[in-house]
Amino acid sequence: MRKSLPAALLAVGLVLAACGGDDSDDGSTGEGSGGEGNGEVEVFSWWTEGGEKAGLDGLVAVFDEECSDFEFLNASIAGGAGANAKQVLASRLQTDDPPDTFQAHAGGELRDYVEAGQLEDLTDLYDEWGLTGSISDELLDAITMDGQIYSVPANIHRANVVWVNPDVLEGAGLSTDAPATVDEWLADMETLRDAGVQAPLAVAVDWTQTMLLEAVLLAELGPDAFNGLWDGSTDWSAAEVTAALEKYGQVMSYTNDDRASLDWPDAVNKVTGGEAAYNLMGDWAAGKLDADGLTPEDDYLWWPAPGTDGVFQWLADAFVLPVGAPNRAGTECWLDVVGSYDGQREFNTKKGSIPARTDTDPSDYGPYLQSALEDWSTDSLALSLAHGSAAPVGWIDAVNSAVGQFSAGGDVAQLQQQLAAAAQ
Ligand code: GAL
């Protein structure tokens, strides 16, 4: 049986109710709703709509087939990048009321949970499932801590992608080829504005601006110095960082004023609706665009963020076995599906990500994902702060807050001080 119902659990119910809940299961999160008693496996994520929900549904379809003794219980909480979900999760973990499994990012973010003693070691299960040799080496490295593995990665996403409306560019007399640098991009945005496109670059709430900031830093500093921001080898107070932040300020001046009130799909919609030309977003946008019935290379184009061609800024969604998960056997079955060939195909073809496994058949995937598979195998790699591969949650929250303040005030010196402080 689950522990007593804390306020956080009530919050799950409220948010589910507020966002319409899930439509594949009963969405109930009440006391005793999971656990071995009735075979439910409570899966906690923030995938509630569009391509994200379609990806989750794909995984669930395989789970229903492979784990028919168990039942999927959807505990997803709306809000891109887990903006709401992570808070509820933190309070559930704090009150020893974990879901059976939850979505966590590979890398810095996962380390947080491991160090807090909140995750079970899955190394033996990897051997049992024959998974160790099937996961991409770079990823296996990122999820191995002191020789042990605590999560099963479902995918690899790319963060530094710009989604483009070709008609808007052509309407302003611009080429649909990617600008090579941030400066060239800024010049094109000025041309768009002169042609009447007031806010050529659509952004949304703070974490989406953090992604834009990261893309500009990556372009201006290059991948080595950018990765060094997360291990202390690049100084946040350096003059190069100041110059990059000034450039970020210029880029932000071409964005929409209503950004703070939007989630990421709203910003993508501004592009497909023709109000904006560009949105920088992780490739879960490809899942959304597919779910919306749009045609790649026709209705929309994609580019590596200007100045970052040849760099794949990666992140990975993984699932874990929390210490004290009520339904351990059911969760093991879920994790086995997450790591399986079929599970990853059914998930990733809809989610807009490439599989974490290496035995992929590219012909299962659409044009965007085929290009991402190719880039993953040839590009140099960079970490993502906004999506947890670079650093723990506390650092992410501090940067999101600094970026949110910059959006309102535009003070570069203050932003740089706050970014330097967040790294301490
Ligand atoms: C990320 C997550 C992606 C996608 C995105 C937007 O943190 O890794 O899978 O869900 O948030 O919600």
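Residues numbered from 1 in each chain as written. Predicted model: local features only at pLDDT ≥ 70, side-chain atom pairs only at ≥ 80, totals over all residues. Heavy atoms only, no water.

(A) Quick look at a negative patch on the surface. Negative charge collects at one region of the surface, where D64, E65, E66, E71, D121, D124, D127, E128 and D336 lie side by side. Secondary-structure elements contributing two or more residues to the negative patch are α2 (50–66) and α5 (123–129). By the element assignment, D127 lies in helix α5. For D127, a relative accessible area of 53% corresponds to the exposed category. (Patch = residues over 30% accessible without salt bridge, like charges linked within 9 Å, V, L, I, M, F, W, Y side chains within 5 Å. Areas by Shrake-Rupley, 256 points an atom, 1.4 Å probe, with all protein chains shown as cover. Salt bridge = Lys/Arg side-chain N within 4 Å of Asp/Glu carboxyl O. Lys, Arg positive; Asp, Glu negative; His and termini not counted. Charge placed at Lys NZ, Arg CZ, Asp CG, Glu CD. Helix = DSSP H or I, 4+ residues; strand = E, 2+ residues; numbered from the N terminus. Buried < 20%, exposed > 50% of the residue type's maximum accessible area, 1.4 Å probe, protein only.)

(B) Layout of the domain arrangement of the chain. Along its sequence, the chain is carved into domain 1 (7–156 + 317–383) and domain 2 (161–307 + 392–422). Between the C-alpha centres of domain 1 and domain 2 there is a distance of 27 Å. Opposite the 21 residues of domain 1 that make contact, domain 2 presents 24 residues. When domain 1 packs against domain 2, the two sides together hide about 1,700 Å² of surface, and 62% of this comes from carbon and sulfur. (Domains from an automatic or database assignment. Contact = heavy atoms within 4.5 Å. Buried area = accessible area lost by both parts, 1.4 Å probe.)

(C) Main features of the packing of helix α9 (residues 206–221) against helix α10 (residues 223–231). Look at α9 against α10: their axes get within 6 Å of each other, and the N-to-C directions meet at 130 degrees. If you check the angle between α9 and α10, you find them oblique. Listed contacts from α10 to E214, L217, L218 and L221 of α9 are P223, A225, F226, L229 and W230. Looking at side-chain class alone, the contact of α9 with α10 contains eight nonpolar, no polar and one charged residues. (Axes fitted to C-alpha atoms, helices over the stretch in contact; angles between N-to-C directions. Parallel < 35°, antiparallel > 145°, perpendicular 65-115°, else oblique. Nonpolar A, V, L, I, M, F, W, Y, C, P; charged D, E, K, R; others polar.)

(D) A look at the sheet that holds strand β6 (residues 151–153). A sheet is described by the order of its strands in space; here five strands give the open sequence β2-β1-β3-β13-β6, paired in mixed fashion. The sheet is open, and its two borders are formed by β2 (71–74) and β6, each paired with just one other strand. Taken pair by pair, the neighbouring strands of this sheet meet at an average axis angle of 30 degrees, ignoring direction. Relative to strand β13 (residues 317–320), β6 is paired through three bridges, and the arrangement is antiparallel. Across the sheet, P153 pairs through a bridge with A318, a residue of β13. Packing of α2 onto the sheet brings it into contact with β1 (40–44), β2 and β13, and relative to β2 it is tilted by some 160 degrees. Contacting β1, β2, β3 (101–105), β6 and β13, helix α14 (residues 328–339) crosses the sheet at an angle of about 155 degrees to β13. (Pairing = 2+ DSSP bridges.)

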